[in-house]
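# Descriptive analysis of the structure
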Amino acid sequence: MRIWIDQATCQNSGLCEEEAPELFGIGNDFLAYVREDGRLLEEPGGEESQAEVPEHLQELAELTARACPASCIHLID
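The text that follows walks through the structure, step by step, so that each part is easy to find. (Residues numbered from 1 in each chain as written. Predicted model: local features only at pLDDT ≥ 70, side-chain atom pairs only at ≥ 80, totals over all residues. Heavy atoms only, no water.)

## A word on the sheet that holds strand S3 (residues 32-36)
Taken together, three strands build an open sheet; the order of strands is S2-S3-S4 and the sheet is antiparallel. The strands lining the two open edges of the sheet, one partner per strand, are strand S2 (24-26) and strand S4 (39-40). Relative to S4, S3 runs antiparallel, the two sharing two bridges. When the sheet's bridge partners are listed, Glu36 is paired in S4 with Arg39. (Pairing = 2+ DSSP bridges. Helix = DSSP H or I, 4+ residues; strand = E, 2+ residues; numbered from the N terminus.)

What follows is the structure, given as structure tokens:
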């Protein structure tokens, strides 16, 4: 499973980072980005910055995507 965030629709609620800091973080622009191996993928961001979700975190990724108030977290099977 891969995951990415659409920063154009991110409302910066911080919920994703709060619920799953191993998968998400807030960039210098105060928008959410995905993490891969602890590294924040903020260049260039969006669909071009997809992260591989480790198997043990896939359920957490799905729950966090559903909870996002902006629906800007996208999962790709």
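## Regarding empty space enclosed by the protein
Enumeration according to the criterion identifies one cavity of 30 Å³ or more in this entry. Taken as a whole, the largest cavity spans an internal volume of roughly 90 Å³. For the largest cavity, the lining is made up of 13 residues, of which Cys10, Ser13, Gly14, Cys16 and Cys68 are closest to its centre. A breakdown of the residues in the lining of the largest cavity according to their chemical character gives nine nonpolar, four polar and no charged. (1 Å grid on protein atoms, 1.4 Å probe; cavity = no way out; pocket = protein on both sides within 12 Å on 5 of 7 lines; lining within 4 Å. Points joined across faces, edges and corners; volume = space filled by probe spheres on them. Nonpolar A, V, L, I, M, F, W, Y, C, P; charged D, E, K, R; others polar.)

Any link to function would need more than the numbers given here.
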